[in-house]
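# Summary of structural features
Below, each chain spelled out in residue letters.
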Amino acid sequence: MAAAEVFSSADCGPVRLSDHPNGAWFVLCGGEAQSLQGGPYATREFVHTSIPFVGEAYTALRSAGVPMERIITIAQLDDYLRYLRSGVAEAIPDQQIPGHYYQEQLDRTSASCARWLAESEGGRADYDHADVNPATFMNVLAGKRTGAESKVVPADSDAPVFFGLYSHGDSHAAKREGDGGAGEVVPHSYHSAEWFIHFPYPAPGAEEGQNNATDMYDFVATEGQSNHRNLLYATQIRLALHALAPPSSSPTSASRKKRPVISLLNCCRSGGLLEFMRRPSAIQPDLALFSMCSSQGHRDSLVSGFWSAFFSELRDTLRRGSGSDTDMMQLFSVAERRYHRENKYEALNHLKEAAFSYDIWQSEFHFSGARVGNVDPWHLDLTAALTTAWESEPASDNDNGPDWTALERLQQSYETGGAFRVTTKPSAQRPTHLVRGVTQPIEGVAQLQDGRWVIWTRSRQHLGERLSGTAGRSPLQPLESSNGRLVHENEKTQLLFEGDEVAPELATRPYRVRITAWKGSNAGRSVDLVETIKRIYADKIAIPGQVHNRHIEGRSVHELLRSHSRGT
């Protein structure tokens, strides 16, 4: 396609690449462990860690109006699809998985990478197969071409750069105490360990015959790692950033805004890769830097991690065009909240493991269309409370944390009898009420052994949440409850326990239940849900992070990534 490719942006009209000769470069890199995807087909894993996510990011950038000529991809796109096709043909030695499963995986992967495949040459990434290695990543950022057609960030450019890397990550000790380095491993810390990212193929060594050639691992404490050439280290990422900075002798380096470089490292323990930016003693690259990670330096990332949330929000921000003044801190903030909303299952599972209500757990609730006992109000209430926590507006620009008010109210409602009511008289029949003049069973009820019925008082709000996704209903269209009250969608930002209003025609009284630990030394003791969830997020959940310098502050995302030029 010609260099003046026309693309569309939602609010800023047609834009030409030639209109922004110094527009941003985007490098999307998908890694994988050598043991999983770098060997013979018979040794490879069925599912690839990064390919679908690189495809997702590519689609987000293109739909935001980024020209494909400004996107460089380093990933096993063709390599992995060839492997799947071999599986479809059942041509993999000692193949254990039937071919139709490979066909399904091929279809899923092709769908997630559809635009990337359609716009790539021959269905390949810019760097594919054995080129998916740490040296390629370094060369692309440094502008070093390995062939006449190699696509790199131009070495003589000061255009903004974004790079995202999705893979596995980890760390290893960098030194040992004792004679000859054979003693005990030094306690694992940023001073004694190296953090790294996995690649499926090894970086080539220094060319033979060049006695003065410098190998990219000469200055890295690889500590005898047998596969270290498959690893991209934090030390090397830091060197790549320095290579992107203009020479200190450049006459314009002090008089113009510094070159923006934005990065996202999405892998386990990725926080450790950015620690150098947090150390005042480390020499920092002469750039306007904003670096993001998907987890802390000691914690594994979630599948999809921060990656999906960030690229969705980046796409939406760029689509708003030059009228948007969203800066990188604001973009990170909304992406982080989206990440927590979309990945609340992790915190939810930990919270359900730490706390439960025995009285509700042992009850079998009736919901129309579901088996008796298959729907659990406790699960629904916790899910709603965690969703609400991350949907509420942040308390301030400096506080992007959750609002635990809904969880606090949930506990209060359970313990005071507001969340459940119990009928005063036993009945063999499931309780009913009138809805628009028609007698219908009450949803969310469970019968006690004495014949009385427990009624969940948030069932109407829950049904409203389900109905709001029904085709043809406006998002703000009110939902009519059985007593004629209109419940608007915006009321879903809080938990609506209705108390005795849930069934005013029935004689009921509050049904108080306790929330306790269900196992361990504290089993049976009361649990504070807010304090428990805070500990869970502090101790068990992968939290995205960011480090930036002052040179990036106050500049909109659009300015940084769409139209940066020498004159700004």
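Note that this is a predicted model, so its numbers are computed, not measured.

## Topic: the overall build of the protein chain
- Across its full length, the protein chain holds 16 helices and 19 strands.
- Counting only contacts in the protein chain whose residues sit at least 6 apart along the sequence, the fraction spanning at least 24 positions is 75%.
- Carbon and sulfur atoms make up 49% of the accessible area of the protein chain, which amounts to about 26300 Å² in all.

## Looking at the packing of helix 2 (residues 51–63) against helix 8 (residues 307–319)
- Where helix 2 meets helix 8, the closest approach of the two axes is 8 Å, and the angle between their N-to-C directions is 10°. By the criterion of interaxial angle, the relationship of helix 2 to helix 8 is roughly parallel. When helix 2 is examined against helix 8, the residues F53, V54, E56, A57, A60, L61 and S63 are found in contact with a partner set consisting of W307, S308, F311, L314, R315 and R319.

## What about the confidence of the model for the protein chain?
- Chain-level pLDDT for the protein chain is 84 on average; 82% of the residues reach the 70-or-more range.
- Note on residues 1–20: pLDDT is under 50 here. Beyond four places in sequence and across chains, it has 46 contacts.
- Scored below 50 in pLDDT, residues 468–492 shows 41 contacts in the model against residues more than four places distant or in partner chains.

## Looking at the packing of aromatic side chains
- This model, assessed by the stated rule, comprises 30 aromatic pairs.
- Seen from their ring centres, W378 and Y414 are 5.4 Å apart, and the 65° between their planes marks the pair as edge-to-face. You can see W378 sitting in helix 12 (residues 377–391) and its partner Y414 sitting in helix 13 (residues 405–416), a full 36 residues away along the chain.
- For Y414, a relative accessible area of 0% puts it in the buried group.
- A connected cluster of aromatic rings, assembled from ring pairs, spans F26, F53, F162, Y166, F290, F306, W307, F310, F311, F332 and Y339.

## With respect to the sheet that holds strand 7 (residues 193–198)
- The strand order across the open sheet built from three strands is 6-7-8, with neighbouring strands paired in antiparallel fashion. On the outer flanks of this sheet lie strand 6 (169–173) and strand 8 (231–233), each paired with one strand and no other. Direction aside, the axes of adjacent strands within the sheet are offset by 40° on average.
- Note that strand 7 and strand 8 share three bridges and pair antiparallel. Bridging from a neighbouring strand, F196 pairs with Y233 of strand 8.
- Where helix 7 (residues 234–244) meets the sheet, its contacts fall on strand 7 and strand 8, and the angle it forms with strand 8 comes to roughly 60°.

## Points about the side chain of S50
- Tracing the chain through its elements places S50 in the loop between helix 1 (34–37) and helix 2.
- A distance of 2.8 Å separates a polar side-chain atom of S50 from the backbone oxygen of G31.
- Not counting residues within four places of it along the chain, the set of residues in contact with S50 comprises G30, G31 and Y166.

## Looking at the sheet that holds strand 11 (residues 420–423)
- If you walk across this open sheet you meet the four strands as 14-15-11-18, and the pairing is antiparallel. On the outer flanks of this sheet lie strand 14 (445–447) and strand 18 (508–510), each paired with one strand and no other. Direction aside, neighbouring strands of the sheet carry axes that sit 30° apart on average.
- By the bridge criterion, three bridges tie strand 14 to strand 15 (residues 453–456) in an arrangement that is antiparallel. Residue pairing across strands places A446 opposite V454, the latter belonging to strand 15.

## Looking at the environment of L287
- Inspection of the secondary structure assignment puts L287 in the loop between strand 9 (260–266) and strand 10 (288–293).
- Residue class for L287 comes out buried when judged on its relative accessible area of 0%.
- In this structure the C-alpha to C-alpha distance between L287 and K258, which are 29 residues apart in sequence, comes to 5.2 Å.
- Setting aside residues no more than four positions away along its own chain, L287 makes contact with L241, L244, A245, P246, K258, R259, V261, N549 and H551.

## So, the nonpolar core
- With 52 residues, the main nonpolar core has F162, M292, F310 and F311 as its most contacted residues.
- Broken down by element, the residue count for this core peaks at seven residues, all from helix 2.
- Setting aside anything within four residues of it in sequence, one finds F162 in contact with W25, F26, V27, L28, I262, L264, M292, F310, F311 and L561.

## Some remarks on the pattern of salt bridges
- Counted by the stated rule, this structure contains 19 salt bridges.
- The partner of R115 in a salt bridge is E119, and the shortest N-O contact between them spans 3.1 Å. Of this pair, R115 and E119 both sit in helix 5 (residues 114–119), four residues apart, which is roughly one turn of that helix.
- Of the charged contacts, one joins E498 and R460 as a salt bridge, the two residues approaching to 2.9 Å between their closest N and O atoms. Within this pair, whereas E498 is found in the loop between strand 17 (486–487) and strand 18, its partner R460 is found in helix 14 (residues 459–467), the two being separated by 38 residues in sequence. Both residues of the pair, E498 and R460, count as buried.
- A single salt-bridge network, built from bridges that share partners, covers R62, R115 and E119.

What counts, and where the lines are drawn
- Residues numbered from 1 in each chain as written.
- Predicted model: local features only at pLDDT ≥ 70, side-chain atom pairs only at ≥ 80, totals over all residues.
- Heavy atoms only, no water.
- Helix = DSSP H or I, 4+ residues; strand = E, 2+ residues; numbered from the N terminus.
- Contact = heavy atoms within 4.5 Å.
- Areas by Shrake-Rupley, 256 points an atom, 1.4 Å probe, with all protein chains shown as cover.
- Axes fitted to C-alpha atoms, helices over the stretch in contact; angles between N-to-C directions.
- Parallel < 35°, antiparallel > 145°, perpendicular 65-115°, else oblique.
- pLDDT = per-residue confidence, 0-100.
- Phe/Tyr/Trp six-rings, centres within 6.5 Å; stacked < 30°, edge-to-face > 60°.
- Buried < 20%, exposed > 50% of the residue type's maximum accessible area, 1.4 Å probe, protein only.
- Pairing = 2+ DSSP bridges.
- Polar contact = N/O pair within 3.5 Å; in protein donor to acceptor, adjacent residues only side chain to side chain.
- Core = buried A, V, L, I, M, F, W, Y, C linked by side-chain atoms within 4.5 Å.
- Salt bridge = Lys/Arg side-chain N within 4 Å of Asp/Glu carboxyl O.

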